[in-house]
Structure formats: structure tokens, C-alpha cells
Amino acid sequence: MSQRIAIVEKIMGANERLAEANQAMLDQAGVFGLNLMASPGAGKTSLIERTLETLGGRFRVAAVDGDIATSIDADRAAAAGAQAVQINTGGECHLDAVMLGQALAQIDLDDTDLLIVENVGNLICPANFLLGTHSSVLIASVPEGDDKPYKYPGMYQGVDALVINKIDLLPYVEFNMDYFRRGVEALNPGLVSFPLSCRTGEGISEWTAWVADQVEHLADSAQRN
Ligand code: MG
Ligand code: ZN
């Protein structure tokens, strides 16, 4: 094994152990953690706002927003009613388990049911860093084009659900839904998906019903333990 590969494996191993520690903290407090990943502009923050609109009265929600700079996204999540923590990665193009651990220390987990982590907008490396959340969700958006599963397979392979945002733009842009879905199916067979529009609200209720199921399922299994 080359020295470079050995070092990379050591870093990934350390990240994995910290991710396990994060998940143990969430489990202990009965918090369901969701890792939202997407390219910049796909609608991560807008989906968090829509999710809070529907589920904010039912669950206590916290949001962790990862960005290279600014607190624009955490400010929006806070305005929508979440406990919000901004992580500025200072140039890093993904979140890792250390950064999430530092954010968790600033959140009252005992006063939280659902934690939404908004990863840095990027379709490459966020897939490689476990955070310790229970589910990973990828948001694709129609204007990005229908070829993204073919170009960024790693991202599509590792997620538990797919949101297809901005479906209100389908009449105006080149996007072949069958071609897109065939690419997704080859990488992640049977992946649950939610075509929706954060702008018009179409499809949002199917998405929030799925999230609510996940949160309640975790609460049920915590009670049984
Ligand atoms: Mg955002
Ligand atoms: Zn990165």
C-alpha cells in the first residue's frame, strides 16, 4: 500500500469513528438526523424552509448549515423556526464528522426531534464523509440537467432518498425524466424519490410524510430499547 493511500485510509477511519460517536449522541437524545446533499442552488435551504412549514408544529427541528462562508442559510432556517447553527468550513467543500460534532455541542439535543444537516453544495466529496446522521438525502434539480446520475455516480449510490426539485420548470428546460430515472435506477435500485417544487409546493406533502415516518420510527425504536 502506498503511503498516500495509508494516510487517506487513516483519515477516513478516524472520521468514521467520530461519525459513530455523533450517531450515538443523536440516538441517546432520540434525535433523527438527516444529511441533505446537493449541488449549489438545487434548493437545500428552500427544502428545509418548506419542511419546517409543514413539520415545525409537530416536531422540534434543528438545522446545521454548512457553507464555505456566510450565515445566510442558518439565518433562513432560524427565521423558519429551527434552532440553527452555521458551520463555515473555511474553504472545505464538504462537512465531516468533526464539524458536525462541534455543531451538535451547540444544539440542545434534548429539545430536538429532527436534525437537518445542510451539507456544502457539492456533488463529489460529501458522499465520502459519514457524519453520523441516520439518513442521507440527495436533492437533484431539473435545471441541472438529466445527466447528473451518470456524471456523479458516487453521490447517487450512497443515499437513502432522492428529491427531484423544481419540477415546475420541466416545461421550460431540456430534462428527460425517463433518462434521468434510468441512470438513478442503475446506481441505486428502488431508491425512493420525491419529485416536487419548493416554489409551488407541489409534491411537498409526500416528502414531509416520509420525513415524519422516519422521525417517528426512530422514536418508536428508542422507546423499545
Ligand atoms: Mg443553502
Ligand atoms: Zn470536499
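Everything here concerns the structure above.
Description of the structure in this document. Since the model is a prediction, treat every value here as computed from it, not as a measurement. (Residues numbered from 1 in each chain as written. Chains lettered and ligands numbered in written order. Predicted model: local features only at pLDDT ≥ 70, side-chain atom pairs only at ≥ 80, totals over all residues. Heavy atoms only, no water.)

What follows covers the pattern of salt bridges. On inspection of all chains with the given rule, the structure shows 8 salt bridges. Arg 60 serves as the salt-bridge partner of Asp 113, at 2.9 Å between the closest nitrogen and oxygen. One end of the pair, Asp 113, is in the loop between α4 (97–104) and β4 (114–118); the other, Arg 60, is in the loop between α2 (44–55) and β2 (61–67), and 53 residues separate them in sequence. Between Lys 148 and Asp 147 there is a salt bridge, and its shortest N-O distance comes to 2.8 Å. Since its relative accessible area comes to 14%, Lys 148 is described here as buried. Asp 147 gets classed as partly exposed once you look at its relative accessible area, which sits at 22%. A network of salt bridges, in which partner residues are shared, links Arg 60, Asp 111 and Asp 113. (Salt bridge = Lys/Arg side-chain N within 4 Å of Asp/Glu carboxyl O. Helix = DSSP H or I, 4+ residues; strand = E, 2+ residues; numbered from the N terminus. Buried < 20%, exposed > 50% of the residue type's maximum accessible area, 1.4 Å probe, protein only.)

Our focus in this paragraph is the coordination of the zinc ion (ligand 2). At the metal site, the zinc ion (ligand 2) is ligated by Cys 93 (SG), His 94 (ND1) and Cys 125 (SG), and these contacts range over 2.0 to 2.3 Å. Of note, the zinc ion (ligand 2) draws all its donor residues from one chain, in the sequence arrangement C-H-x30-C. Taken together, the residues His 94 in the loop between β3 (83–88) and α4 and Cys 125 in the loop between β4 and β5 (135–141) connect sequence positions 31 residues apart. With a relative accessible area of 8%, His 94 lands in the buried category. (Donors = N, O, S within 2.8 Å, 3.2 Å for Na, K, Ca; no water.)

Moving on: the coordination of the magnesium ion (ligand 1). Within the protein, the atoms that donate to the magnesium ion (ligand 1) are Thr 45 (OG1), Asp 73 (OD) and Glu 118 (OE), at distances of 2.1 Å. The sequence motif formed by the donor residues of the magnesium ion (ligand 1) is T-x27-D-x44-E. A residue pair is termed long-range when its members are at least 10 positions apart, and Thr 45 in helix α2 and Glu 118 in strand β4 qualify at 73 residues. Judged by relative accessible area, which is 6%, Thr 45 ranks as buried.

Counting 30 residues, the largest nonpolar core has Leu 47, Val 137, Val 163, Leu 196, Trp 207 and Trp 210 as its most contacted members. Mapped onto this core, the elements with two or more residues apiece are β1 (32–38), α2, β2, β4, β5, β6 (161–165) and α8 (204–224). A total of 7 residues in this core trace back to one element, the largest contributor, which is α8. Ignoring anything within four residues of it in the chain, the contact list for Val 163 reads Leu 47, Val 137, Leu 138, Ile 139, Ala 140, Phe 194, Leu 196 and Trp 207. Counting 17 residues, the second largest nonpolar core, distinct from the first, contains Met 99, Ala 103, Leu 109 and Leu 131. (Core = buried A, V, L, I, M, F, W, Y, C linked by side-chain atoms within 4.5 Å. Contact = heavy atoms within 4.5 Å.)

Attention now goes to the environment of Glu 49. As for its placement among the helices and strands, Glu 49 is situated in helix α2. Setting aside chain neighbours within four positions, we find Glu 49 in contact with Arg 76 and Ala 80.

Here the focus is the packing of helix α1 (residues 3–29) against α4. With their axes 8 Å apart at the nearest point, α1 and α4 run at an angle of 30° to one another. The orientation of α1 relative to α4 falls into the category roughly parallel. The element α1 and its partner α4 pack so that their crossing is left-handed. Of the residues in α4, those in contact with Asn 15, Leu 18, Ala 19, Asn 22, Met 25 and Leu 26 of α1 are Ala 97, Val 98, Leu 100, Gly 101 and Leu 104. (Axes fitted to C-alpha atoms, helices over the stretch in contact; angles between N-to-C directions. Parallel < 35°, antiparallel > 145°, perpendicular 65-115°, else oblique. Left-handed = near helix turned anticlockwise from the far one by under 90°.)

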